[in-house]
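Each chain is listed here by its residues.
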Amino acid sequence: MPAKYISRDEAEAIARRTLAFTTADDARVNLQSATHGNTRFARNQVSTAGDAYDATLTVTTAFGKKTASATTNRFDEESLRSVVQTAERLARLVPEDPEYLGELGAQQYPRTSGYFESTANLTPEQRAAAVNAITRPAEAQGLISTGFLDIVTGSTAVATKKGLFAYDTSTVSNLTTTVRTPDGTGSGWAGGAANDWTRMNPAEMADRAIRKAQLSRNPRAVEPGKWTVILEPTAVANIVQLMAGSMDARQADEGRSFFSKAGGGNKIGEKFLDQRVTLVSDPASGIAPVSAFSNQGLPNRRMVWVENGVLRNLQYSRFWAQRQNREPTGFADGFEMAGGNSTIEEMIRSTERGLLVTRFWYIRAVDPRTILYTGLTRDGTFLIENGQITSAAKNLRWNESPIFMLNNVEAMSAPVRVSANESGDADGPVVVPAVKAHDFTFTSLSDAV
Amino acid sequence: MKRRDFLLQGGAAAAGLAAGSALLPRVLGAQPVREAWLADPATRELAMRAIDAARAAGATYADVRISRNRQQSLGTRERQITFFNDSDTYGFGVRVLASGAWGFAASRDVNAEEVVRVARQAVAQARANGAAMKRPIELAPTERFPDGKWSAPVQIDPFNVPIEEKVDLLLRANAEALKVQGARFVRSSMFFLKQEKSFASTEGSYLEQTYFRAYPSMNVTAVAPDFSDFQGRESTDIAPRGMGYEHVRDARLVENAGRWAQEAVAKLSAKAVQPGRYDLVLLPTHLWLTIHESIAHPTELDRIMGFEANYAGTSFVSPPADFLGKFRYGPEFMNIQGERSTPGTLSATGWDDEGVKPDEFLIVKNGVVNDLQTTREQAPWLADWYRQQGRPVRSHGNSYAQSWADVQFQRMPNVNLLPDPAKDTSVEELIAGVKDGILIDGDGSFSIDQQRYNAQFGGQVFKEIKDGKITGPLKDVAYQMRTPEFWNSMDAIGGRGTYFIGGSFFDGKGQPSQVNAVNHGSPAARFRRVNVINTGRKA
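The structure presented is a predicted model; accordingly, all values stated were derived computationally and were not measured.

This part covers the overall build of chain B. Within chain B, the secondary structure is distributed over twelve helices and 25 strands. Here the C-alpha radius of gyration of chain B, 24 Å, is about what a compact globule of 539 residues would show, namely 24 Å. Counting only C-alpha atoms, chain B reaches 70 × 60 × 45 Å along its principal axes. By the burial criterion, 69% of the 539 residues in chain B qualify as buried. Of the accessible surface of chain B, which amounts to about 17,600 Å², a share of 51% is contributed by carbon and sulfur atoms. In chain B, which carries 64 positive and 62 negative side-chain charges, the distance between the mean positions of the two groups comes to 2 Å.

Looking now at the overall build of chain A. Along its length, chain A carries ten helices and 19 strands. By the compact-globule yardstick of 22 Å for 449 residues, chain A fits well, its C-alpha radius of gyration being 24 Å. The principal-axis extents of the C-alpha atoms in chain A amount to approximately 70 × 60 × 35 Å. Taking the intrachain contacts of chain A between residues at least 6 apart in sequence as the baseline, contacts between residues at least 24 apart amount to 73%.

For the structure on display, the rule yields 68 salt bridges over all chains. A salt bridge links Lys 509 of chain B to Asp 302 of chain B, with the shortest nitrogen-to-oxygen separation between them at 3.0 Å. In this pair, Lys 509 of chain B is assigned in strand 23 (residues 500-509) and Asp 302 of chain B in helix 9 (residues 301-304), connecting sequence segments 207 residues apart. The same class applies to Lys 509 of chain B and to Asp 302 of chain B, which are both buried. For the salt bridge of Glu 332 of chain B with Arg 328 of chain B, the shortest nitrogen-to-oxygen distance reads 3.6 Å. Salt bridges here are not isolated pairs; linked through shared partners, they connect Glu 99, Arg 250, Glu 254 and Arg 256 of chain A together with Arg 77 and Glu 78 of chain B.

How two aromatic rings sit relative to each other is given by the distance of their centres and the angle of their planes. For the structure on display, the rule yields 32 aromatic pairs over all chains. Here Phe 360 of chain A and Phe 440 of chain A contribute two aromatic rings whose centre-to-centre distance is 5.9 Å and whose plane-to-plane angle is 5°, an arrangement assigned as stacked. Linking Phe 360 of chain A in strand 12 (residues 353-367) with Phe 440 of chain A in strand 19 (residues 435-445), this pair joins segments that are 80 residues apart in sequence. One Lys or Arg, Arg 108 of chain B, reaches over the ring of Phe 75 of chain A and ends 4.4 Å from the middle of that ring.

Residue and element names in this part refer to chain A. Summarising burial for strand 7 (residues 225-231): five of the seven residues are buried, a large majority. When strand 7 meets strand 19, the two strands line up antiparallel, connected through six bridges. Its bridge partner being in strand 19, Val 229 is matched across the sheet by Ala 437.

This brings us to the sheet that holds strand 10 (residues 310-311) of chain A. Residue and element names in this part refer to chain A. Reading across the sheet, the six strands line up as 10-9-8-11-18-17 and stay open at both edges, with mixed pairing between neighbours. Each having just a single partner strand, strand 10 and strand 17 (416-418) make up the two edges of the open sheet. Bridge count between strand 8 (residues 279-281) and strand 11 (residues 335-337): two bridges; the pairing is antiparallel. Bridge pairing links Leu 279 to Met 337 in strand 11.

All names here are of chain B. Across the sheet, four strands lie side by side as 12-11-10-15; this open sheet has antiparallel pairing. Looking at which strands have only one partner, the edges of the open sheet turn out to be strand 12 (368-369) and strand 15 (414-417). Sheet analysis places strand 10 (residues 336-339) next to strand 15, joined by four bridges and oriented antiparallel. If you follow Glu 339 over to strand 15, its bridge partner there is Asn 414.

A few words now on the nonpolar core. Among the nonpolar cores identified, the biggest contains 56 residues, and Tyr 329, Met 334, Leu 417, Ile 438, Tyr 479, Trp 487 and Phe 527 of chain B are the most heavily contacted of them. Top contributing element to this core by residue count: helix 8 (residues 284-296) of chain B, with six residues. Apart from residues no more than four positions distant in its own chain, Tyr 479 of chain B is found in contact with Leu 280, Leu 282, His 286, Thr 290, Ile 440, Ala 455, Gln 456, Phe 457, Phe 486, Val 530, Asn 531 and Val 532 of chain B. In terms of nonpolar packing, the next biggest core, distinct from the first, is built from 54 residues, Val 306, Phe 335, Val 357 and Trp 398 of chain A among them.

Right, let's get into helix 6 (residues 233-240) of chain A. Every α-helix winds through 3.6 residues per turn, so residues three or four apart in the chain are directed the same way. Across the eight residues that make up helix 6 of chain A, a large majority, eight, are buried. Buried within helix 6 of chain A we find Pro 233, Thr 234, Ala 235, Val 236, Ala 237, Asn 238, Ile 239 and Val 240 of chain A.

Residue and element names in this part refer to chain B. Within the element layout of this structure, Tyr 215 appears in strand 6 (residues 206-223). By relative accessible area, Tyr 215 is classed as buried at 16%. On a C-alpha basis, the gap between Tyr 215 and Asp 449 in space is 28 Å, while along the polypeptide they are 234 residues apart.

With that settled, consider the confidence of the model for chain B. All names here are of chain B. Chain-level pLDDT for chain B is 92 on average; 93% of the residues reach the 70-or-more range. In the predicted structure, residues 1-36 sits below a pLDDT of 50 and forms 110 contacts with residues beyond four places in sequence or in another chain. The complex model carries a pTM of 0.94, and its ipTM stands at 0.95.

Turning to the interface of chain B and chain A, a few remarks are in order. Across the contact, 90 residues belong to chain B and 103 residues belong to chain A. Together, the buried faces of chain B and chain A total about 7,900 Å²; carbon and sulfur atoms form 48% of this surface. The tally of links between chain B and chain A comes to nine salt bridges. Of the charged contacts, one joins Asp 229 of chain B and Arg 369 of chain A as a salt bridge, the two residues approaching to 2.9 Å between their closest N and O atoms.

Right, let's get into the environment of Tyr 109 of chain A. Residue and element names in this part refer to chain A. When you line up the elements, Tyr 109 lands in the loop between helix 2 (77-93) and helix 3 (117-120). Judged by relative accessible area, Tyr 109 falls into the partly exposed class, the value being 22%. Put simply, Tyr 109 and Glu 223 are 114 residues apart on the chain and 52 Å apart in space, counted from C-alpha to C-alpha. When neighbours within four sequence positions are excluded, Tyr 109 is seen to be in contact with Leu 164, Phe 165, Ala 166, Ala 292, Phe 293, Gly 297, Leu 298 and Pro 299. Within the local environment of Tyr 109, its side chain forms a polar contact with the backbone oxygen of Gly 297, the two atoms lying 2.5 Å apart.

Its place among the elements puts Asp 76 of chain A in the loop between strand 3 (66-72) and helix 2. Owing to a relative accessible area of 16%, Asp 76 of chain A belongs among the buried residues under this scheme.

Now for unusual backbone geometry. All names here are of chain B. Residue Pro 319 follows Ser 318 across a cis peptide bond; omega there is 0°. Following the sequence through the fold, Pro 319 ends up in the loop between helix 9 and strand 10. For the bond running from Gln 511 to Pro 512, omega is 0°, close enough to zero to count as cis. Relative to the helices and strands, Pro 512 is located in the loop between strand 23 and strand 24 (514-522). Despite not being glycine, Glu 78 shows a phi value in the positive range, around 45°. Of note, Glu 78 is situated in the loop between strand 1 (61-77) and strand 2 (80-98). Glu 78 gets classed as buried once you look at its relative accessible area, which sits at 12%. Of note, the phi angle at Phe 227 is positive, near 60°, even though the residue is not glycine. Structurally, Phe 227 can be placed in the loop between strand 6 and strand 7 (230-234).

Parameters at a glance
- Residues numbered from 1 in each chain as written.
- Chains lettered and ligands numbered in written order.
- Predicted model: local features only at pLDDT ≥ 70, side-chain atom pairs only at ≥ 80, totals over all residues.
- Heavy atoms only, no water.
- Helix = DSSP H or I, 4+ residues; strand = E, 2+ residues; numbered from the N terminus.
- Rg over C-alpha atoms; globule rule 2.2 N^0.38 Å.
- Buried < 20%, exposed > 50% of the residue type's maximum accessible area, 1.4 Å probe, protein only.
- Areas by Shrake-Rupley, 256 points an atom, 1.4 Å probe, with all protein chains shown as cover.
- Lys, Arg positive; Asp, Glu negative; His and termini not counted.
- Charge placed at Lys NZ, Arg CZ, Asp CG, Glu CD.
- Contact = heavy atoms within 4.5 Å.
- Salt bridge = Lys/Arg side-chain N within 4 Å of Asp/Glu carboxyl O.
- Phe/Tyr/Trp six-rings, centres within 6.5 Å; stacked < 30°, edge-to-face > 60°.
- Lys NZ or Arg CZ within 6 Å of the ring centre and 35° of its normal.
- Pairing = 2+ DSSP bridges.
- Core = buried A, V, L, I, M, F, W, Y, C linked by side-chain atoms within 4.5 Å.
- pLDDT = per-residue confidence, 0-100.
- Buried area = accessible area lost by both parts, 1.4 Å probe.
- Polar contact = N/O pair within 3.5 Å; in protein donor to acceptor, adjacent residues only side chain to side chain.

Right under this line is the structure:
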C-alpha cells in the first residue's frame, strides 16, 4: 500500500475551509502530513518495525500585531472551527508583537525534485529484504549487525488569508548499520541517505561496515593532542553542519555569535575559512533538494552561504532583514559543500601520521563564542603511519570547532550525500566531501568500542 | 534535543470530556472521535475492537494505546511574546506479536474502521519481520488490571490558568533580568503537557492514565560593551516536572531572574580556569545529568545487550553476568534507585506502556551493581540472576513510548542517587573538606561515549574553592572523566537537606529516535582529583 499523505487538492481544501472560519485580521495555515515507515534491526534480525501516519494543522491568527497559534490533527469541520477559535482566543489575549510583519500574499516557488515513487511505495517486505541484505552477510562472517531503515513520505502546505498557497511533497530514505565483532573489540559503521530509494545500496553498505568492523579489532591507544585527520564524509557532515545553527544574522548583529564583529555588526564579506570551502543550499538541487518554502511561505532560493572561504550570507528572518535593509534568506534544511579532487586513498598516502575517522558521536555545544563543540570518534577510527593504515585506533574525545577545522584543510574529495543525523532518522539533505585537515584537537582517550 | 518533535507531538485536549453511551454510534462510525475520552465507554470499545482485530488476524499478543495530548508552549524575548501555541492531537498505536516478531502501526484517524485496519497492518508488519526471526520474542508475565486508573496528583491544571497570568509572569521575569547591568538578552518560556492515555492488552488489562508536565525556563545572555565576549546562564536550577501550574509558581522566575542575570554578567569578568586536577563539589542541579549519562543509561538492559548499538550505543556494563553482584560502581555509601512512584516526577506512572505496575529497585546497592532496567521482553534475559536472588522474573515497568505514533521500548525510570540516610551533611561541610577545588552549579554541556566510559560535563556557574572556602567565580570549566574511576572518587555525599530533583523533557534514544521525560534526584556530592579542562579558545 502506498504511503498516506495529504494531496495538493486536499491540502488546499482543508486550508480554505480553515481560513473561512477566521475573523482575524490575518491568518496562516501550516499543514503537514507524513507516513513514517521504519524497520530496525539488532543482533542480525529485525527487532521492531512500524508504520505510522499523522497529519497536523497549525493555524496562526493575528489581530493587529497580537498573534498566536493552535494545532490539531483532526480535520473535520468542528475541529477546524475549534482550532481557529482557540488561536483567535489566544491571539486576543497576548500582548502585541512589535516584530509581527503580517502574513505574505501569493508567491512564486522554485520546483523541487524531492519526491520519488520508489520510496513512497516501499513496502514492509521490501524494507525487511533490505535489512536482510545487511544481516545475512554479517552473520555469515560471524559478526553482529544492528541498524535502522527510515522512510518518510509526506507533504507540507502553507496558506494565508492573503492568498498565498504553497504545497510540496517529498520522500526520504535513510539507512545506517553498525556491525560489531562478537569479542566486542571491533565496530564498523556505514550509512547513506537519498530521496530516491533506488539510489540506496544496502549490500554495499553492509560490505563497508563489515570491512570496518573487521579492521577495527583490537584498537591501539594513541595520545590525545593535535592530529592530522582524514574525516570521511559522514564525520565532515557531523561537524560542518554545526555551523548552520550559528548562522543567524540577528544573533550576530546583537553580539551573541561567532559571526559578531568586534564593535558591532557581523562578519558578512569576511574571509573566515579556507578558500576551498563553499557552502550552498538549493531547493532545485538534484542530489540535495531543500524545501521550496519556509513555514511562513517565503520562497527558498539557491543561497550561497560561504564562497571560497568568505561569509556571503547569514540567515535573515523577514523582520531582521527589513530592519537591516536586506533580503530575507529563508532557512534551509540542508546544504551542499563543494569538494576537491583528492581521494581518501590519496589522503592516506600523503599522511605521515594521522587518524582516519568514520563518524562522530554525542556532539554537544561547549562554547558558542567559537562554535566549539565536543564529541567522540566512533565505529571505525584508524591510525595512519607513513602513508598507510597500520592499525585500528582507540576512540578519542575532541573539543573542536568547524571554524578551526575548515581553516586547516589540506585536501578534499568529491562530495557525496550522507546520513548526517546521529540518530539515523531521515533528515535534511547534506552533501559533503571527505576532508584532510591538520591540528584537529583531541583531548582524551575513550575505552569505548 | 528533540524539542521540535516534542512541540509537534505533545499535546492534547483537556476540554469537553462530556460524552457517554449516546456518542457510541458516532464514535464507532467513520467520523473521528471528538469529545469521547477516558471515561467514555466508546474509547474502551475502540481499544477492544483493535485488540480483537489483532487477535483475529493471528496475533499471539497485542496491545493498543489511544492517547490524546494537549500541549501549550509560550515563549518570550525581552519585552515581547515570540510564540504562543496551543496543540490538541489524538491518535492510537497497535503493537502485536505474530510469527514470534513485533509489528507496530499507528494512525491519527481514531475510528472503528481504522483501528481494525491498523491492527491488521501491525500483524502483517510482524509477519513480514517474522520471516527473518531466529529467536521468537518471549514476554515476562505480568498481572492483569482490568480497570486500572491513575492520575498525576496535580494541584492546578495549567490549561485552566489565564493566558494573561502566564504572559505577565514571563515578561515580569524578563524585566527583572534586564535590570541587571550587562544583561542584554533574555528569553523565557513555559511548556505544558496534559496527556490522557488508555491502554488495553490481550492479557485482559485496561488502563486509563492522565499525565501532566510543566517546564518553565529562562536564559539570560550578558554581552561585553565592546562585543568582545558574551556569556549565558540558563535556569537549570528549575527542572521540568510531572506537575501542574503549581510548579511554575514554585519556580519563582521573577524572584530568581536577577540572580541568573548577575551570574551571567559575573562570567564576563570571571577568572578562566587553569586546567588540572581538582576536587569537585557538584550540586544536584548539576549532578543529576552526570547520573543520567554515566549510571542510568549504561544500566539499560537493551543497550547492554546491543539493541542500541547503531545509535544510542552499548554499555560497558556487559555482559550482565560479569557485573550483577560483582562490579563496584562506587563507594559503599552509593545507592542508586530506579522508581516511577515519586509524586510530581516525570517518570511517575501507575502502569508502564505494556501494562506493568512499576516497582522500586536498587540498580546499585552499597556501591555494587544490583539490578538493571527492564521491560517484559527483557526481564527473561536476567532469569538466572533473579533465580539466584530468589526473585521472580518480572519487568520493572520501564516500557515507554513518547506518543501514540511510536512503538514502546525500554526507557529509564527516575534514577536517583540516594542521600546519606545517617547524616544530613550540608554543601558547606562538603566545601569545607576541599583544599583546591571547584563547585559546579547547574548542568551545561554534556557528552559521553557510546559505552558510557569517557564523559565531559560543563555547568552553569563555577566557583573556585580554596582551603575550604569559596573564593570567586570561574569560567570555561569542564571536567572529563572515566565512569568507574569518577564514581569511585566520590568521597562524601550530602544529606536529605541537599537533595534536589533535576531532569529533562528530552532524553533521546531509539530508532526512530524518541524522547523520554525523566527526573533524577540527587544530593550534593564531593569527588576527588577530577580532570578539569579549559574550554575557552580564541577564534
